[in-house]
Amino acid sequence: MEGFGARMEELATELVRIKSVVGTAGEAEITAWIHDWLARMPYFVEHPEELILHRLPGDKQGRSCIIATIRARKPSKDAVLLLGHTDTVGTSDYAAAERWSTDPKCLPGVLSSMKLGTGTIEDIKSGGYIFGRGIFDMKAGVAALMLIAQMASRDVCDLGANLVFAFVPDEEGGSAGMLAAVQRLSAIAKDKGWVFIAGLDTDYMTESFPGDTSRYVYLGTVGKLLPSVYVHGEATHVGEAFCGMDANFLAAAVMSSIDLDPDLCDIVDGESTQPPISLRMKDLKDEYSVQTAEGAFLYFNFSTHSSTPDQVMARMQDKVEEAMEEAVKELAARERRHASLSGRDAAKSYAVPRVITYSELLDEAEAALGDRLALIVEEIKSAPDFSALDPRDSSLRLVHGIHRHLPDQSPKAVVFFSPPYYPHISVDGNDEKGTKLAQAVACAVNEAKEKLGYEIVIKRFYPYISDLSYCKLPTDSGAIEALVSNMPAWPEAYELPLDAISCLSMPVANIGPFGKDAHKPTERLSRAYSLDAMPLILARTVESLAGCRILD
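The structure presented is a predicted model; accordingly, all values stated were derived computationally and were not measured.

Draft legend 1. Just a negative patch on the surface, in detail. On the surface, a cluster of negative charge is contributed by Glu360, Asp363, Glu366 and Asp371. Counting through the fold element by element, aspartate 363 comes out in helix 10 (residues 358–369). Residue aspartate 363 is classed as exposed on the basis of its relative accessible area, which comes to 51%.

Draft legend 2. Layout of the nonpolar core. Ranked by internal contacts, the top residues of the largest apolar core, which has 87 residues, are Leu38, Phe165, Tyr529 and Leu538. Top contributing element to this core by residue count: helix 6 (residues 135–152), with 14 residues. Here leucine 538 is in contact with Leu82, Ala144, Leu145, Ile148, Leu200, Thr202 and Ile511, once residues within four sequence places are set aside. Listed in part, the 72 residues of the second largest apolar core include Leu56, Leu179, Ile480 and Met506.

Draft legend 3. Summary view of the pairing of strand 2 (residues 64–70). Of all 7 residues that make up strand 2, 7 are buried, and the element is covered over most of its length. Alternating positions in strand 2 separate into two faces, Ser64, Ile66, Ala68 and Ile70 on one and Cys65, Ile67 and Thr69 on the other, with burial throughout. Sheet topology note: the strand 1 (residues 51–55)/strand 2 ladder contains 5 bridges and is antiparallel. Among the inter-strand pairings, isoleucine 52 is bridged to a residue of strand 2, identified as isoleucine 67. As paired elements, strand 2 and strand 5 (residues 162–168) share 5 bridges and run antiparallel to each other. Opposite threonine 69, over in strand 5, you have valine 164 as the bridge partner.

Draft legend 4. Quick look at unusual backbone geometry. Cis geometry is adopted by the peptide bond preceding methionine 138, which originates at aspartate 137 and carries an omega value of -5°. With respect to the secondary-structure elements, methionine 138 resides in helix 6. A cis amide bond links tryptophan 490 with the next residue in sequence, proline 491, at an omega value of -5°. Following the sequence through the fold, proline 491 ends up in the loop between helix 14 (479–485) and helix 15 (498–504). Positive phi is not limited to glycine here, since alanine 95 has a value of about 55°. With respect to the element layout, alanine 95 can be found in the loop between strand 3 (78–85) and helix 4 (107–112). Its identity is not glycine, yet serine 175 carries a phi of approximately 60°, on the positive side. On the basis of relative accessibility, which here comes to 1%, the residue serine 175 falls in the buried class.

Draft legend 5. Layout of the state of the cysteines. For the coordinates displayed, the defined rule picks out 0 disulfides. In this structure cysteine 443 is not part of a disulfide, and its nearest cysteine sulfur, from cysteine 548, lies 15 Å away. For cysteine 443, a relative accessible area of 53% puts it in the exposed group.

Draft legend 6. Representation of the environment of glutamate 10 in the model. Among the structural elements, glutamate 10 can be located in helix 1 (residues 2–17). Residue glutamate 10 is classed as exposed on the basis of its relative accessible area of 55%. A sequence separation of 56 residues divides glutamate 10 from isoleucine 66, and the C-alpha atoms of the two residues are 21 Å apart.

Draft legend 7. Expanded view of the sheet that holds strand 14 (residues 412–422). Strand order in the open sheet formed by 5 strands is 11-12-8-14-13, with mixed pairing between adjacent strands. At either margin of the open sheet sits one strand with a lone partner, and together these are strand 11 (277–283) and strand 13 (354–357). Each strand of the sheet is rotated relative to its neighbour by a mean of 20°, with strand direction disregarded. With 8 bridges joining them, strand 8 (residues 223–232) and strand 14 adopt antiparallel strand pairing. Residue lysine 224 lies in a different strand from strand 14, and its bridge partner there is tyrosine 422. With respect to the sheet, helix 8 (residues 247–258) is in contact with strand 8, strand 11 and strand 12 (295–304), its orientation differing from that of strand 12 by roughly 10°. Relative to the sheet, helix 12 (residues 391–403) contacts strand 8, strand 11, strand 12 and strand 14, its axis offset from that of strand 14 by approximately 155°.

Draft legend 8. Main features of helix 6. An ideal rise of 1.5 Å per residue puts 26 Å on 18 residues; helix 6 measures up with 24 Å between its terminal C-alpha atoms. Burial of helix 6 is extensive: 17 of the 18 residues sit out of reach of the surface.

Draft legend 9. Focus on the packing of aromatic side chains. Throughout the structure, instances matching the rule amount to 11 aromatic pairs. When the ring of tyrosine 43 is compared with that of phenylalanine 44, the centres are 5.3 Å apart and the planes differ by 90°; the resulting orientation is edge-to-face. Phenylalanine 44 carries the same exposure label as tyrosine 43, and that label is buried. A ring pair is formed by phenylalanine 297 and tyrosine 299, whose centres lie 5.5 Å apart and whose planes are at 70°; its orientation type is edge-to-face. Considered together, phenylalanine 297 and tyrosine 299 belong to a single accessibility category, that of buried residues. Through pairs of rings, three or more aromatic residues link up here, namely Phe136, Tyr204, Tyr216, Tyr218, Tyr462 and Tyr464. Just above the ring of phenylalanine 514 sits the side chain of arginine 215; from NZ or CZ to the centre is 3.5 Å.

Draft legend 10. Up close: a nonpolar patch on the surface. Judged by side-chain polarity, Val238, Tyr288 and Val290 come together as a nonpolar surface patch covering roughly 340 Å² of accessible area. When you line up the elements, valine 238 lands in the loop between strand 8 and helix 8. Accessibility expressed as a relative area gives 47% for valine 238, which makes it partly exposed.

Draft legend 11. Focus on the packing of helix 13 (residues 432–452) against helix 17 (residues 533–546). Following both chains from N to C, one finds helix 13 and helix 17 inclined at 145°, their axes separated by 8 Å at the closest point. Once helix 13 is placed against helix 17, the crossing between them reads as right-handed. Facing helix 13, whose interface residues are Lys436, Leu437, Ala440, Val441, Ala444, Val445, Glu447, Ala448, Lys451 and Leu452, helix 17 presents Ala533, Leu536, Ile537, Arg540, Thr541, Ser544 and Leu545.

Draft legend 12. How the structure looks around the layout of surface pockets. By volume, the second largest pocket is sized at about 390 Å³. Mapped onto the lining of the second largest pocket, the elements with two or more residues apiece are strand 8, strand 11 and helix 12. Per element, the largest residue contribution to the lining of the second largest pocket is 4 residues, and it comes from helix 12. Here the lining of the second largest pocket is composed, by residue class, of 4 nonpolar, 4 polar and 8 charged.

Definitions and cut-offs
Residues numbered from 1 in each chain as written. Predicted model: local features only at pLDDT ≥ 70, side-chain atom pairs only at ≥ 80, totals over all residues. Heavy atoms only, no water. Patch = residues over 30% accessible without salt bridge, like charges linked within 9 Å, V, L, I, M, F, W, Y side chains within 5 Å. Areas by Shrake-Rupley, 256 points an atom, 1.4 Å probe, with all protein chains shown as cover. Salt bridge = Lys/Arg side-chain N within 4 Å of Asp/Glu carboxyl O. Lys, Arg positive; Asp, Glu negative; His and termini not counted. Charge placed at Lys NZ, Arg CZ, Asp CG, Glu CD. Helix = DSSP H or I, 4+ residues; strand = E, 2+ residues; numbered from the N terminus. Buried < 20%, exposed > 50% of the residue type's maximum accessible area, 1.4 Å probe, protein only. Core = buried A, V, L, I, M, F, W, Y, C linked by side-chain atoms within 4.5 Å. Contact = heavy atoms within 4.5 Å. Pairing = 2+ DSSP bridges. Disulfide = S-S within 2.5 Å. Axes fitted to C-alpha atoms, helices over the stretch in contact; angles between N-to-C directions. Expected span 1.5 Å × (residues − 1). Phe/Tyr/Trp six-rings, centres within 6.5 Å; stacked < 30°, edge-to-face > 60°. Lys NZ or Arg CZ within 6 Å of the ring centre and 35° of its normal. Left-handed = near helix turned anticlockwise from the far one by under 90°. 1 Å grid on protein atoms, 1.4 Å probe; cavity = no way out; pocket = protein on both sides within 12 Å on 5 of 7 lines; lining within 4 Å. Points joined across faces, edges and corners; volume = space filled by probe spheres on them. Nonpolar A, V, L, I, M, F, W, Y, C, P; charged D, E, K, R; others polar.

If you want it as structure tokens, here you go:
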């Protein structure tokens, strides 16, 4: 493994020097570099048709993903996907050190002159870490995949399954690279009659808590939804504060009910998701005035291990209903206390706002407006700026625009999904493919523990949002229907290739390098584990799945 580790470090360092910030020309540059590197391999010189540079359809940056296939020695219908993303987050967080952010040789010295935490200084002095934007997330993982491809393509490697490598851009953005790759992979599978038996990612892995000495391999991945709430109140003059229902007051109740609530976590085999957390909250007033807000909007990052879109929608609707009830109780109590200050009784009574889903909003609108509804929706979507809106904002515009045409303008809340959606994937061993992957990973981890002495734990879910989510969809009845019917942006502003993902439908694992501080200027890769145990576990897992020997 020493030779592999040294080459992996050298290659990862070369990749870091290519600045490939998401949404910039650097993404195309690094894709071209990796493509050229692969194209020089004897296997792809002999089989150039197996090295595909797939342009992302309609992509303004002209980005592409790479799909490189190394065929089984004898015809096989089994295929293993090996996945890595080539983009990074930006570098402005390096501040005065930004010019060295992609220079692993000089960066540690520059960082040493800055005010850093004790742990970072110790890691710099130890010489055991490589610094640089993307070294950890995830160019070291990409380097490992490139070297595995090189070794698996040798004549002496008797592959029993087809290895398909996908190097994709935009993982740090909207996963446009993976979504394009999924469609091409699905077409390849259908054309060749292949079945993808597993997907392996090499994205980063870090401590579960400060001082954690364990290292982790993950079977499965966390999912994510973005449940959103449009709150419609009753505007009033600030001089008659209790004569209306402030949308901000109602929205604050929703925030208090849902934000960081551990009761909304998914727990599977002792592994819990992070609780829902707010990513945005605003009212819909464009101007300053002494009129209270009539509308407000908020959405939450909702992580999943087991909950499907229909279940999340039901839980959100229940929580928002509870919030509306509590808000009205509190509003009435405050109105009574205020009235008592003047020696009078409270004069206002408040009805609890209704809570409906977006699909229910459409049903009510169709009943009330008939054929006019289609014209209203078309008018909203044909506005000059609609296509340029952020998908979250275009979703809100549709909900608000439809609601304002309803006869019923009483206070209410509309619950819906905004993009994006990342399905969770659980590998539970109830199917042949999942069992085979779990066994392969377990054997590989046991060998690494015995040979190298690390404490390595296999966990059920990779805890960070990643492209792995698009390797499989939930099969629960009504799950996807609830997503699509309650997502206003679908399909004009956001859509997933559902048929292609369903075609692939594979169990997944993440076997990544260890480091610290992803997305921070102190991002760093540990040489220990990353350059010995990680590539060993990756190679042995591939060997088990493909029935061959890659590493000596």
